[in-house]
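Here is what each chain is made of, one letter per residue.
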2 protein chains.
Amino acid sequence: MGKKVTIRDIARLAGVSVTTVSQILNGKGERFSQKTRDKIFKLRDEYGYVPDFNARSLILRQSSSMIGVLVPNISSPFFGTFVEGVQHVAQHERMIPLIFSADRNAELEQNYLSQMLERSIDGLIIASATMTTDTINRIIGARDVPYILFDQNYAQEGTRVLTDDYRGGELAAQHLADLGHKKIAILEPNELSENFTQRLTGFQDCLRKNHIELDVAHNVIKAPLSRRGGYDAAAAVIKAGVTAAFAGNDDMAIGLMRGLRERGVKVPDQISIMGYDDIYLDEYVSPQLTTIRQPIMDLGIGAAKMLLNKIHSDQEQEQIQRFPVELVQRQSTARVR
Amino acid sequence: MGKKVTIRDIARLAGVSVTTVSQILNGKGERFSQKTRDKIFKLRDEYGYVPDFNARSLILRQSSSMIGVLVPNISSPFFGTFVEGVQHVAQHERMIPLIFSADRNAELEQNYLSQMLERSIDGLIIASATMTTDTINRIIGARDVPYILFDQNYAQEGTRVLTDDYRGGELAAQHLADLGHKKIAILEPNELSENFTQRLTGFQDCLRKNHIELDVAHNVIKAPLSRRGGYDAAAAVIKAGVTAAFAGNDDMAIGLMRGLRERGVKVPDQISIMGYDDIYLDEYVSPQLTTIRQPIMDLGIGAAKMLLNKIHSDQEQEQIQRFPVELVQRQSTARVR
DNA sequence: ATGAAAGCGCTAACAC
DNA sequence: GTGTTAGCGCTTTCAT
């Protein structure tokens, strides 16, 4: 790496003290002669001197100015967009986001979490598929690191950004009910994180209100929350003999549509499909996907702002920021016939 | 934030010296009595003591163990997947990737670059849409930070991972030629980065070999490299009266297909569409997209490995790692009629 | 078995 | 105008 040049090297080379160099280079050099100043700057450029980040932050007791972001899957449109929102806010405050994609792997998640903590991160945004608040708190330990929960969590407490999942479920159910569907299937993940529980409760409550019975034994289909998961569940959906299906998220819905297409089932003519999230792809698949929109980018922005706020104000109090959802009606749902 | 507990606090609390604490906590405490050791560990847990990262790396002269990754757009399937590849390798070596999505914004890119450099990053992977190697070198300055170039760069030099873009262009052209297409349009971005130049040269050379004329004046359509860009270019493609179009990347192709669909043009019956990249969506759109496959995840893995290698071995020598491309034939292309 | 002391590279009171 | 000095929190050599 080539030995690093230190402030002392520069001082020696210039025949001045380190103070002089330090002050001048930090823009506090008014009191030094122009000649000295020029010399120092010249030397710095010549030798490519850069202050050691560690030494500097050690003495200035700066925070690391880093926030951690833990998501299941950065290459998904949903989390990719979310992260862009976070990054946008962070950049604004010259905070660096450490982004980790842990692929729903518990060990990896905890691993990343520890690594971030070691680096004395200022705060965390966690969309963990596996960790409970207990686990998180245990790893954080006595450190005073604020965190914001988001999306897939097994938590009913803690500061977090939420969307109105119950309402989202209702909107979806009402939409299908309005179209006259009576036989409806649900695709949901094996482990129900809090947001899914809400969403499904809203969905089922609303069906009931419309006097529609959900055949829980046959029409609640478990599948991974992914395109692949939806794709593989196509057979089960067909077998269920339903006229509509509500997928856990858009990825899943898009996979399901592909699976149905390959089996010769027409969407929405034979089966209506609803997703959830409103990822940017929805408009590009065919038929365009009807879904419940979450303001994904805003969620990222909101989470980041909330976290920064918490970092700066140091208030213990639990906060919850709630975002609205809405029905986005496109082409994958139609009146039953 | 709560005052941080230092090693001295622990030492004082335990009634021992800082040496004792340091040694024991760093697993070099064999020489101390079991009783002391227990006491120290207990105190650490009780007070949540964690060594200060800066102080520690200052004295241990550790590197930051961070690598920077600069991409145009983290929420795109292409770069998302690439980044996952990078992260995979980094994790393995306990390196932390700093991931920045700069949205093809020159100022932002340089900003991020500086920020990373300030934090004495160990190396960089740059898929910059705007910076030349000159700009990069200028910002890096005298620092000895290795970097790997990737994808969109205006560079014909420097250590980098490449795919055989010329060959990819050829494969695409040959495929369309084989299907009997004579009237072909190209969708390309306004600024041609090196990989695009190669790709298009390969494409055109191959057309020529097949005695197909490309009407450069009308059938080379400029559009942003995005779904939106492709979507908006649909009218121009129709107007060009071609039987096939080769889009700059899959995102663009997917947008284009949507645009054509909305205008009642059937793909591939009326117009065949080819993309480039083989992002994971290609199989989920309808018709499934024919494309030239780049091994995206492998590129990420390769770039990261190469960078780590360069960081550790400190060799100046320019290296190039080349990855193969291949034709993936799906449903968006068909024999002309 | 334990500790004193030096020093990593830097900044900032406080001299001179 | 410029330098001396005292740390920041930590690890490590070398005594004791």
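Everything numeric here is computed off the predicted structure, so don't read it as measured data.

Draft legend 1. Inspection of the overall build of chain A at higher detail. Scanning chain A from N- to C-terminus turns up 14 helices and 12 strands. The C-alpha extent of chain A, read off along each of the three principal axes, is 90 × 40 × 30 Å. Counting only residues that meet the buried cut, chain A has 56% of its 337 residues in that class. The long-range share in chain A, meaning contacts at least 24 apart out of those at least 6 apart in sequence, stands at 71%. Per element, the accessible surface of chain A, about 14,600 Å² overall, is 47% carbon and sulfur. Side chains of chain A give 40 positive and 41 negative charges; the mean places of these two sets differ by 6 Å.

Draft legend 2. Seen up close, the layout of surface pockets. Quantified by volume, the second largest pocket comes out at close to 1,600 Å³. Lining the second largest pocket are 43 residues, and of these K4, V5, V50, P51 and D52 of chain B sit closest to its centre. Where the lining of the second largest pocket is concerned, the elements lending two or more residues are α4 (53–60) and α6 (106–118) of chain A together with α1 (7–14), α2 (18–25), α3 (34–47) and α4 (53–60) of chain B.

Draft legend 3. Just the relation of the copies chain A and chain B, in detail. Overlay of chain A on chain B (RMSD 0.2 Å): rotation 180°, translation along the axis 0.1 Å. When the rotation and shift are considered jointly, the pair of chain copies conforms to a two-fold rotation axis. The residues that chain A uses at the interface reappear at the interface of chain B in 100% of cases, marking a shared surface.

Draft legend 4. How the structure looks around the protein's contact with DNA strand D. Near DNA strand D you find 28 residues, and of these T19, R31 and I59 of chain A together with I7 and R56 of chain B are the closest. Near the protein, meaning within 4 Å, the atoms of DNA strand D are sugar or phosphate in a fraction of 60%, with bases accounting for the rest. In the model, a phosphate oxygen of DNA strand D is placed 3.1 Å from a nitrogen or oxygen of the S33 of chain A main chain. Here a phosphate oxygen of DNA strand D and a backbone polar atom of I7 of chain B are 2.4 Å apart. Where the surface near DNA strand D is concerned, the elements lending two or more residues are α2 (18–25) and α4 of chain A together with α1, α2 and α4 of chain B. Element by element, the count of residues in the surface near DNA strand D is highest for α4 of chain B, at five residues.

Draft legend 5. Summary view of the interface of chain A and chain B. Contacts between the two partners involve 55 residues from chain A and, on the opposite side, 58 residues from chain B. For the chain A and chain B pair, buried surface summed over both sides reaches about 5,400 Å², with 51% attributable to carbon and sulfur atoms. At the junction of chain A and chain B, the tally comes to four salt bridges. Put simply, the parts of the chain that give the side of chain A that touches chain B at least two residues each are α4, α5 (77–92), β2 (96–101), α6, α11 (227–232) and α13 (250–262) of chain A.

Draft legend 6. The arrangement of the packing of aromatic side chains in detail. Evaluated as defined, the whole model comprises 14 aromatic pairs over all chains. Here the aromatic rings of F78 of chain B and F79 of chain B are separated by 5.0 Å at their centres, their planes lie at 85°, and the arrangement is edge-to-face. Taking the relative accessible area as the measure of exposure, F78 of chain B reaches 5% and is therefore buried. An aromatic cluster is defined as three or more aromatic residues linked by ring pairs; in this entry it consists of F78, F79, F82 and F150 of chain A. Looking at R199 of chain B, its charged tip hangs above the ring of F196 of chain B, at a distance of 4.6 Å from the centre.

Draft legend 7. Structural context of the pairing of strand β1 (residues 66–71) of chain B. Residue and element names in this part refer to chain B. For β1, the buried fraction is high: six of the six residues fall into the buried class. The alternating pattern of β1 places M66, G68 and L70 on one face and I67, V69 and V71 on the opposite face, and all of these are buried. In this fold, β1 hands off to helix α5 (residues 77–92), which returns the chain to strand β2 (residues 96–101); that crossover is right-handed. Examined bridge by bridge, β1 and strand β3 (residues 123–126) share four bridges and lie parallel to one another. Within β3, the position partnered with L70 by the bridge is I126.

Draft legend 8. The domain arrangement of chain A, seen in detail. Residue and element names in this part refer to chain A. Once the domains are mapped, chain A shows domain 1 (7–60), domain 2 (66–163 + 296–325) and domain 3 (165–294). Each of domain 2 and domain 3 has a C-alpha centre, and these two points are 28 Å apart. Across the boundary between the two partners, domain 2 contributes 16 residues, which contact 20 residues of domain 3. Our count for the contact surface shared by domain 2 and domain 3 stands at zero salt bridges. There are three residue pairs in polar contact (both at pLDDT 80 or more) connecting domain 2 and domain 3. The dominant element in the side of domain 2 that touches domain 3, judged by the number of residues it contributes, is α5, at three residues. Here the residues of the side of domain 2 that touches domain 3 are counted per class, giving eight nonpolar, six polar and two charged.

Draft legend 9. How the structure looks around the protein's contact with DNA strand C. Around DNA strand C, 28 residues are found, and the nearest of them are I7 and Y49 of chain A together with T19, R31 and I59 of chain B. The sugar and phosphate moieties of DNA strand C supply 60% of its atoms located within 4 Å of the protein. In this structure, a base nitrogen belonging to DNA strand C sits 2.9 Å away from a side-chain N or O atom of T19 of chain A. N26 of chain A is positioned such that a nitrogen or oxygen atom in its side chain is 3.1 Å from a phosphate oxygen of DNA strand C. Mapped by element, the contributors of at least two residues to the surface near DNA strand C are α1 (7–14), α2 and α4 of chain A together with α2 and α4 of chain B. Top contributing element to the surface near DNA strand C by residue count: α4 of chain A, with five residues. Of the residues in the surface near DNA strand C, the class split is 11 nonpolar, 10 polar and seven charged.

Draft legend 10. Highlighting the environment of L70 of chain A. Within the secondary structure, L70 of chain A is located in strand β1 (residues 66–71). For L70 of chain A, the contacting residues outside a window of four places in its chain are F100, A102, E109, Y112, M116, I125, I126, A127, S128 and M131 of chain A.

Draft legend 11. Here's a closer look at the sheet that holds strand β8 (residues 244–247) of chain B. All names here are of chain B. In spatial order, the strands read β7-β6-β8-β9; together these four strands make up an open sheet with parallel pairing. With partners counted over all chains shown, the strands left at the sheet margins are β7 (220–222) and β9 (272–274), one partner each. Strand-to-strand, the axes of this sheet are offset by a mean angle of 20°, without reference to chain direction. Here strand β6 (residues 184–188) runs beside β7; their pairing, made up of three bridges, is parallel.

Draft legend 12. Spotlight on empty space enclosed by the protein. This structure, assessed with the given rule, holds two cavities of 30 Å³ or more. Looking at the largest cavity, its volume works out to about 180 Å³. Around the largest cavity, the lining is made up of 15 residues, and of these F53, N54 and M66 of chain A together with F53 and N54 of chain B lie nearest the centre. Looking at the lining of the largest cavity, the elements with two or more residues in it are α4 of chain A together with α4 of chain B. Counted by class, the lining of the largest cavity contains four nonpolar, nine polar and two charged residues. In this structure, the second largest cavity encloses a volume near 30 Å³. Around the second largest cavity, the lining residues are L187, E188, F196, R199, L200, F246, A247 and G248 of chain A.

What counts and how
Throughout this document, residue positions are counted from 1 along each chain, in the order its sequence is written. Think of it this way: whatever chain is written first is A, whatever ligand is written first is 1, and the rest follow in order. Local features are withheld for residues below a pLDDT of 70 in this predicted model, meaning they are given only at 70 or higher, and side-chain atom pairs are given and counted only at 80 or more; totals for whole chains, interfaces and linings count all residues. Calculation of side-chain values draws on the structure's entire complement of heavy atoms; hydrogens and water are dropped beforehand. Where helices and strands are cited, they refer to DSSP runs of H or I of at least four residues and of E of at least two residues respectively, numbered from the N terminus. We call a residue buried when its accessible area falls under 20% of the maximum for its residue type, exposed when it is over 50%, and partly exposed in between, using a 1.4 Å probe and counting protein chains only. For this analysis, residues touch if any pair of their heavy atoms sits within 4.5 Å. Methods summary: accessible areas were calculated by the Shrake-Rupley approach with a probe of 1.4 Å, and residue burial reflects only the protein chains presented. Charged residues are defined narrowly, with Lys and Arg counted positive, Asp and Glu counted negative, and His plus the chain ends left uncounted. Every charge is mapped to an atom, namely NZ of Lys, CZ of Arg, CG of Asp or CD of Glu. A 1.4 Å probe that fits into a set of points on a 1 Å grid over the protein atoms alone but cannot get out defines a cavity; an open set with protein on both sides within 12 Å along at least five of seven lines defines a pocket, and lining residues are those with an atom within 4 Å of a point. Grid points are joined across faces, edges and corners, and a volume is the space filled by probe spheres set on the points. Alignment of copies: least-squares fit on C-alpha atoms of residues with pLDDT of at least 70 in both copies. Consider each residue's heavy atoms; a residue with any of them within 4 Å of a molecule or strand counts as near. N or O atoms closer than or at 3.5 Å make up a polar contact, with two conditions inside protein: a donor-capable atom paired with an acceptor-capable one, and, for residues adjacent in sequence, both atoms drawn from side chains. Accessible surface is computed with a 1.4 Å probe, and the buried area is the amount of it that two parts give up when combined, taken over both parts together. One side-chain nitrogen of Lys or Arg within 4 Å of one carboxyl oxygen of Asp or Glu is enough to make a salt bridge. Here a pair means two rings of Phe, Tyr or Trp (six-membered ring of Trp) with centres within 6.5 Å. Their orientation is stacked below 30 degrees between planes, edge-to-face above 60, and tilted elsewhere. Note on criteria: charge over ring means Lys NZ or Arg CZ within 6 Å of the ring centre, with the direction from the centre no more than 35 degrees off the ring normal. Looking down the strands as they point away from you, a crossover is right-handed if its path from the first strand over the helix to the second goes clockwise. At least two DSSP bridges between two strands are required for those strands to pair. In this document the domain limits rely on a domain assignment from an automatic tool or a database. Amino acid classes used here: Ala, Val, Leu, Ile, Met, Phe, Trp, Tyr, Cys and Pro are nonpolar; Asp, Glu, Lys and Arg are charged; the rest, including Gly, are polar. To obtain an axis, a line is fitted to C-alpha atoms, over the contacting stretch when the element is a helix, and the angle between two such axes runs from 0 to 180 degrees between their N-to-C directions.

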